Structures are given as structure tokens and as C-alpha cells.
Amino acid sequence: MQFAICDDEKSIGLILEEKIKKLLPDAVIETYLSGDELIASGCKPDMLFLDIQMPGKNGMETARILRQKDDEVDVAA
């Protein structure tokens, strides 16, 4: 299973990554520090953890763009 974490606070991303790895040791996890970085990556995760308040594109704008590209991505904000 592939996960993506997008949060401008690196420490929060690390905490989420650690928790996912405890539950699913074989999970593939990509981390991003901005919505722009996530969108540019072309990443298509099975589950996305997305911060709402970020500089640049906020989480809602990022989710909207990602849903336009792939309406099956699950987003947890």
C-alpha cells in the first residue's frame, strides 16, 4: 500500500510516517513539504494525509487539484 504525507511541518510528517510504519511495516511512504511539491511529483497514493494550512497552495486547493487528476485518491485532512 502506498501512502503520501503532505505537511509543511517536517516533524508532523515524521510522526505520521512512524505511526503508519508501526501498523503497516511494508507500506511505501512518500513525504512532501508543500502542495506544489506533491502535485509536481505525480504521486498517486492509495491514501493521502494532507495538512490544510500550508503556505502556497493550502490543503483544500491541493486536494481539489489532485481530485481533478484522479478522483479515486483517498484524502485524510
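Refer to the structure presented above.
Calculation notes
- Residues numbered from 1 in each chain as written.
- Predicted model: local features only at pLDDT ≥ 70, side-chain atom pairs only at ≥ 80, totals over all residues.
- Heavy atoms only, no water.
- Patch = residues over 30% accessible without salt bridge, like charges linked within 9 Å, V, L, I, M, F, W, Y side chains within 5 Å.
- Areas by Shrake-Rupley, 256 points an atom, 1.4 Å probe, with all protein chains shown as cover.
- Salt bridge = Lys/Arg side-chain N within 4 Å of Asp/Glu carboxyl O.
- Helix = DSSP H or I, 4+ residues; strand = E, 2+ residues; numbered from the N terminus.
- Buried < 20%, exposed > 50% of the residue type's maximum accessible area, 1.4 Å probe, protein only.
- Lys, Arg positive; Asp, Glu negative; His and termini not counted.
- Polar contact = N/O pair within 3.5 Å; in protein donor to acceptor, adjacent residues only side chain to side chain.
- Contact = heavy atoms within 4.5 Å.
- Core = buried A, V, L, I, M, F, W, Y, C linked by side-chain atoms within 4.5 Å.

**Student:** Can you help me understand a nonpolar patch on the surface in this one?
**Tutor:** Together, Met1, Leu23 and Leu24 make up an exposed nonpolar region whose accessible area comes to about 350 Å². Relative to the helices and strands, leucine 23 is located in helix H1 (residues 10-23). Since its relative accessible area comes to 71%, leucine 23 is described here as exposed.

**Student:** I would appreciate a short explanation of the side chain of aspartate 51 in the present structure.
**Tutor:** Mapped onto the fold, aspartate 51 is located in the loop between strand S3 (47-50) and helix H3 (59-69). It turns out aspartate 51 is buried and unbridged, and the closest side chain with the opposite charge, arginine 64, is 14 Å from it. Of the polar contacts made by the side chain of aspartate 51, one reaches the backbone nitrogen of glutamine 53; its length is 3.4 Å. Other than its neighbours up to four places away in sequence, aspartate 51 contacts Cys6, Asp7, Asp8 and Gly59.

**Student:** Explanation requested: the nonpolar core in the structure shown.
**Tutor:** Buried together is how nonpolar side chains tend to be arranged in soluble globular proteins. In this structure, Ala4, Cys6, Tyr32, Leu38, Ile39, Cys43, Leu48, Leu50, Met54, Ala63, Leu66 and Val73 together form the largest nonpolar core, which totals 12 residues. Looking at this core, the elements with two or more residues in it are strand S1 (2-6), helix H2 (35-41), S3 and H3. For leucine 48, the residues in contact, after removing those within four places along its chain, are Ala4, Ile5, Cys6, Leu38, Leu66, Val73, Asp74, Val75 and Ala76. Listed in part, the five residues of the second largest apolar core include Phe3, Ile5, Ile20 and Ile29.

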